[in-house]
Amino acid sequence: MDSMEIYLDANATTPVLAQAARAAMQAMADDFGNPSSVHSTGLKARAMMDATRERAKALLDTGSGQLLFVSGATEGIQTAVLSALHALRERRDGGDLQAELLLYGATEHKAVPEALRHWNDVLGLGLQVLAIPVDRLGHHDLDWLRREAPRAGLVCTMAANNETGVISDLAGIAAALGSSPCFWMVDGVQALGKLPLKLAGTRIDYAPFSGHKLYAPKGIGLLYVREGAPFTPLMAGGGQEGSRRSGTENMSGIAALGAVLAALHDGQTFRDHATLSVYRQRLADALLDAFPGLVFNVPLDQSLPTTLNFAVPGLSSRLLQDLFDAAECRISGGSACSAAKAQPSFVLQAMGLPDWQAAGAVRLSIGPAVDKAFIDEACARIRACGESLRRNCMSPADNLAVEGEGITRFTLEGACCYLIADAAAKRCVLIDPLPEQVPRLAQLLACQGYPLLAVLSTSGDALHAEARQLLAEELPSLGADCVQDIDALGWPAPATSIDLGAQQLSRVRLGSPGDRPQQALLLSREGQAPHIVFTPLGVEELPAEALAQLPAHALFAPAQDAAQTLAQTLAQRAAPDSATPDLQLEAAQLAEFVAKYPDALLIDVREPYEQFLTNNLELAGLGPRQAVPLSRLLNALPDWLAAPRPLLLYCRSGNRSRQAAQALARLGHTQAWSLSGGLALLPAQAALGAALSDPALMV
C-alpha cells in the first residue's frame, strides 16, 4: 500500500500481507509443483497445501467437516447453493414435497439471492425465494424465521454483514430453525479472523470464506462442508480436491493464505478484538468531530470492531467519498459490488432506516493488521476533511465565512442554477434555483453574507418561484428584497438592470410560449458588451426569433443542460453535427507534453473542498497551475477563448476534466487536454496541505 494512502475500505478488499506475498512468490518460483504429481516437487507442493488446510481447519474448528480450496466466496456460495438445491430436487423426485421456500437474509450480499434464483431456475425447482426480514439493528426476525423454517429447503444467512458489520445471532438462528430439515449456509467472509467460528459445534452445512478480505490475494477462498451435508461439484474434471472441486489448485494463493493463517496464530501481526474496538472508537470520535450531526447507522456494540457505517445530514454519499479521496483516504458507499451505482443501500433500506440515511451512507472499514500510527494518521485526515467543509461552507454546522465572487453553477439532474456574486460590492443574484437546492444555497448565502438582490427565473417555472419564497423565509435578513416589487420572473420593477458592482445584469424578454413568460439574462462587465447569457433552453432549442435578440458573440449558459455542455455559442447551432475533439493525455505523456508546450497552463477542475486537502506535488515543476472548479468554469472561459494557450485540465478520475476539455473544444479552443484517469492514476500523492486553497489561485 502506498505510504501516503490511508486505506479504509478493508471490507471490500485488503492489501496482501508482506509474508503472504513472499509465500506466494516462493510458491511460484521454488515450490511450483503440481500437488497431483507423485514426484518430489509435487509432493512438496502437496505438503504445503495440506498444511494450509490443516491450519484453516484448526482455526475454524471444522471437526470431521470438509474444507475445500475455491477461488473465493462467490464460487463457494454457488457450490453450496447448487449442492443444497440438487439434493432438494432429489428429495422432490422421491416424493418429498415439504420444501417450498428458499430463504435468505434481507441484508445478505447480492451473491446469495442471485445464486438462489439462478440455480432454482436452472434446476427447475420452482421454489419461492423469500427474504428473511431484519429489524432496525439488522438482526434477523427470528419469529418470522421460526414460522417459515418448516417449509424451507435452504436458509442462507451471514455471520457478519459486509456493509454495516452487524454480527448475526447464529445461535438464535439455529434455534429458530429447530427441527426443520432445511440446509443452512452461513456466509463467513467478514467473520474470518475477526470472530471465533466453531463450525463443528453447529448445524451449519456450508460456510464460504474469501482470502482477499483478510490480507491474502484475490482468487483464493475456502468452503466448509459439514460431514453428511449433500455435495454436488460445481466443476468436474481432473478430480482435484477429492473430486469435489476439479482444476489444478491455485498454489500461490494457497501458500499466501497459509501465511495469513499462520500470522493469525503468531500474536503479533493482527490486533485483538479489544484493541480494534479502541481503534474504532477513535475513528468514530474523529468522525463526530469532523461532521456535526453525523449518525452511525448501527450501534457500535452490535457490529464488528472493524466497521463503521454512517451518514451526515445534508452531505451525499458521493460527496463524502470524493472528500475522503482528496485526503487520500479510501472509503466506500457500501458493498464494493454496488458502490459504483448511485443507489440507496438496500441493506439500510431493509433495516427500515430513513431514506436520507440509506442514500447518504458510507462505510469505513479497517483490517485487523492496522496499527496505532495508521489510526493516528486516519483520524488526522478525517478531521482535515471536516475542516475543509467548514472552510468551504459545506459543513452541517460551524462553517466559516466565505467570500463570494463570480459565477457558481449548481446542477440537479440536468437543471442548472447560477449564483452571481460580487465581493467588492457585496451583492448577489440567483438564477433558476429549485426547491431541492434551497438548503445548500441558503447555507452558502448565509456564509457569504451578501444581500440577495433577486431570485430570477429564465423560464417562468413555478418551482423557481417556490424556491424564491423558501429562500426569503430561510434568510429574512438577506433575502427580503428578492420577493418585493417583482414581476412573474422575479425581476425587480421598474429596474432595467441589476447593479452587481463590477458587472451588470440586464434582460431580454423572449415571449410567452405556452402562456409562460421567458427571459434571457445578460451579464456584462462595466462598459463592455454582454459576455454571458443565461437562457431557459440551449441554443439548439431556442427559436430563431429569440436568438436574434441576443448577442452573437456571448457564451450561452442554459437552465437545462442534460448533455453537460457547460456553455454554448451560436456557432454550435449552425453546426450541430460537427464532431467534438477528445484530447486525452496519459500520465506517462506528461513530461513530453510539457516539453512540447512549455506555456501550458495546468487547470485543477476539482471543487474547492477537494483542492484544500492535497498539494499535488507530483505536478510541481510541470508548469503554472490554476484552480478553476468545474462549478466555476464560466468565469474563466471567456479569457481562455479570447487568448488561447495550451491547457491541461485534471481532476480526481478524469471525468470532470474531460467534460471541461470537451466544452472548450466545442467552443472552438483547439488545445485543451484532459488528464486521462486523473490524479488517481498518477504516482503517489503529496501529503495533506492547502497549497491549492490559496484564494489567489481561485478564479
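Read on for a plain summary of the structure. (Residues numbered from 1 in each chain as written. Predicted model: local features only at pLDDT ≥ 70, side-chain atom pairs only at ≥ 80, totals over all residues. Heavy atoms only, no water.)

**Some remarks on the state of the cysteines**
Note the cut-off: Criterion for a disulfide: a pair of cysteine sulfur atoms at a distance within 2.5 Å. When a residue's accessible area, from a 1.4 Å probe over protein chains only, is under 20% of the maximum for its type it is buried; when over 50% it is exposed; and in between it is partly exposed.
What the rule picks out here adds up to 1 disulfide. With no disulfide of its own, Cys156 lies 9.7 Å from the sulfur of Cys182, the closest cysteine sulfur. A residue is classified by how much of its surface remains accessible, and Cys156, at 0% relative accessible area, is buried. For Cys651, which is in no disulfide, the shortest distance to another cysteine sulfur is to Cys385 and amounts to 18 Å. Of the residues examined, Cys651 reaches a relative accessible area of 0% and is grouped as buried.

**Regarding the packing of aromatic side chains**
Note on aromatic pairs: each is described by the distance of the centres and the angle between the planes. Condition: Two rings from Phe, Tyr or Trp (for Trp, the six-membered ring) form a pair when their centres sit within 6.5 Å of each other. Planes less than 30 degrees apart are called stacked, planes more than 60 degrees apart edge-to-face, and all others tilted. Each helix is a run of H or I in the DSSP string that is no shorter than four residues. Each strand is a run of E no shorter than two, and both are numbered from the N terminus. We count a charge as sitting over a ring when the NZ of a lysine or the CZ of an arginine lies within 6 Å of the ring centre and within 35 degrees of the ring normal.
This structure, assessed with the given rule, holds 6 aromatic pairs. Look at Phe593 and Trp673: their rings are 5.1 Å apart centre to centre, the planes differ by 75°, and that puts the pair in the edge-to-face class. With Phe593 in helix α18 (residues 590-596) and Trp673 in strand β26 (residues 672-675), the pair connects residues that are 80 residues apart, well separated along the chain. Owing to a relative accessible area of 5%, Phe593 belongs among the buried residues under this scheme. Every member of this aromatic cluster is reached through a ring pair, and the members are Phe593, Tyr597 and Trp673. Above the ring of Phe346, the side-chain terminus of Lys110 is found at 4.1 Å from the ring centroid. The cationic tip of Arg244 hangs over the ring face of Phe231; the distance from NZ or CZ to the ring centre is 4.9 Å.

**Considering the pairing of strand β6 (residues 183-187)**
Using the following cut-off: Strands pair, by our definition, only if DSSP identifies at least two bridges between them. Classification remark: right-handed applies to a crossover when, strands pointing away from the viewer, the course from the first strand over the helix to the second runs clockwise.
Among the 5 residues in β6, 5 count as buried, and that is most of the element. As paired strands, strand β5 (residues 152-158) and β6 are joined by 5 bridges and run parallel to one another. Looking at the pairing, Leu154 lines up with Phe183 of β6. For the crossover from β5 across helix α6 (residues 170-177) to β6, the handedness is right-handed.

**A few points about the nonpolar core**
Rules: Joining through side-chain atoms within 4.5 Å is the link that ties buried Ala, Val, Leu, Ile, Met, Phe, Trp, Tyr and Cys residues into a set, and such a set is a nonpolar core. Two residues qualify as a contact provided that any one of their heavy atoms is within 4.5 Å of a heavy atom in the partner residue.
If you look at the biggest cluster of nonpolar residues, it comprises 54 residues, and the most contacted ones within it are Leu103, Leu145, Val155, Leu177, Trp184, Phe209 and Val260. The leading source of residues in this core is helix α8 (residues 251-266), at 9 residues. Not counting residues within four places of it along the chain, the set of residues in contact with Trp184 comprises Leu154, Val155, Thr157, Leu170, Ile173, Ala174, Leu177, Arg203, Ile204, Asp205 and Tyr206. One finds Phe291, Ile375, Ala378 and Cys379 within the second-largest nonpolar core, a separate group that totals 40 residues.

**Quick word on unusual backbone geometry**
Looking along the chain, the bond that leaves Ala493 and enters Pro494 is cis, with omega of 0°. When you line up the elements, Pro494 lands in the loop between α15 (462-474) and β17 (497-499). Despite not being glycine, Glu328 has its phi angle at roughly 60°, a positive value. Taking the relative accessible area as the measure of exposure, Glu328 reaches 7% and is therefore buried.

**What to know about α15**
So the rule is basically this: Helices are assigned an expected span. That span is 1.5 Å times one less than the residue count. The directions from the helix axis to the C-beta atoms are what the arc is built from.
For α15, which comprises 13 residues, the first-to-last C-alpha distance of 18 Å matches the rise-based estimate of 18 Å (1.5 Å per residue) to within 8%. Those residues of α15 that fall on the buried side of the exposure criterion are His464, Ala467, Arg468, Leu471 and Ala472. Axial view of α15: buried residues confined to an arc of 135°, hence all on one face. Pointing more than 90 degrees away from the buried face of α15 are the exposed residues Ala462, Glu473 and Glu474. The secondary structure elements touched by the buried residues of α15 are β15 (427-431), α14 (438-448) and β16 (452-456).

Structural measurements only, silent on function.
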